[in-house]
Amino acid sequence: MEWLETIPAVSVYLIVGLVIGLESLGIPLPGEIVLVSSALLAATQDHIDPLVLGACASAGAIIGDSIGYLIGRKGGQPLVNWAGRKFPKHFGPDQVAMAEEKFDKWGMWAVFFGRFIALLRIFAGPLSGVLKMPYWKFLIANVLGGVIWAGGTTALIYYVGKVAESWLSKFSWVGLVAAVLFGIGSFVVMKRRAAKAAAQREAAAAKPVDALAE
């Protein structure tokens, strides 16, 4: 574990802020895994300040989402179509339709709660711009969601890590594996919900056709 002490704290802060910022901007990256792993690292390495870590993560989330909003606002639906071709697993028709359904239902709260859901996190900024959500509504939800998610996750994982510091110092890889599994689990759940929503849309679209056939 001594090699972990050689990692500059500034590098950790920058990596966390950058990865979370790019994910919030709309690029499929494991922001949650990076944040949880870094918080665990802060719990076992005194040279990494959890307050600075949480602040960098929050800043990355807020700034990334804001840039994503502006890109979505300027790019519109053609941007969504392009992303669907480039990243079909993340921006395919089923995923986009599910995200739009949540935004139509929840409005600005979709931005806030979307911060806590792996798949919606990459949609929140760009899709808010595409759907022309008023920026002041987006900004309020973005700031609140970013601070509570990033800061809260950092604080929770840090203090849990502190309590189990002696255990983590010997088995830190278990914490990292748990973080990876948590991120994968969130993604799988959202994929299943997207598939279910797609099946419901197909069934609804088939009803008029069946009625005409009769």
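It should be emphasised that the depicted structure is a prediction, and the values quoted were computed from it without experimental measurement.

This part covers the overall build of the protein. Scanning the protein for helices and strands turns up ten helices and zero strands. For the protein, the succession of helices and strands along the chain, N to C, is α-α-α-α-α-α-α-α-α-α. Buried residues in the protein amount to 43% of all 214 residues. Sequence separation of at least 24 residues holds for 80% of the intrachain contacts in the protein that already meet a minimum separation of 6. On the protein, roughly 11400 Å² of surface is accessible, and the fraction owed to carbon and sulfur atoms is 71%.

So, on to a nonpolar patch on the surface. The grouping of Trp106, Trp109, Phe113, Phe116, Trp136, Ile140, Leu144 and Ile148 at the surface amounts to a nonpolar patch, some 820 Å² of accessible area in total. Secondary structure elements with two or more residues in the nonpolar patch: helix H6 (108-114) and helix H9 (135-163). Of the residues forming the nonpolar patch, the biggest block, four residues, is contributed by H9. Mapped onto the fold, Phe113 is located in helix H6.

What counts, and where the lines are drawn
- Residues numbered from 1 in each chain as written.
- Predicted model: local features only at pLDDT ≥ 70, side-chain atom pairs only at ≥ 80, totals over all residues.
- Heavy atoms only, no water.
- Helix = DSSP H or I, 4+ residues; strand = E, 2+ residues; numbered from the N terminus.
- Buried < 20%, exposed > 50% of the residue type's maximum accessible area, 1.4 Å probe, protein only.
- Contact = heavy atoms within 4.5 Å.
- Areas by Shrake-Rupley, 256 points an atom, 1.4 Å probe, with all protein chains shown as cover.
- Patch = residues over 30% accessible without salt bridge, like charges linked within 9 Å, V, L, I, M, F, W, Y side chains within 5 Å.
- Salt bridge = Lys/Arg side-chain N within 4 Å of Asp/Glu carboxyl O.

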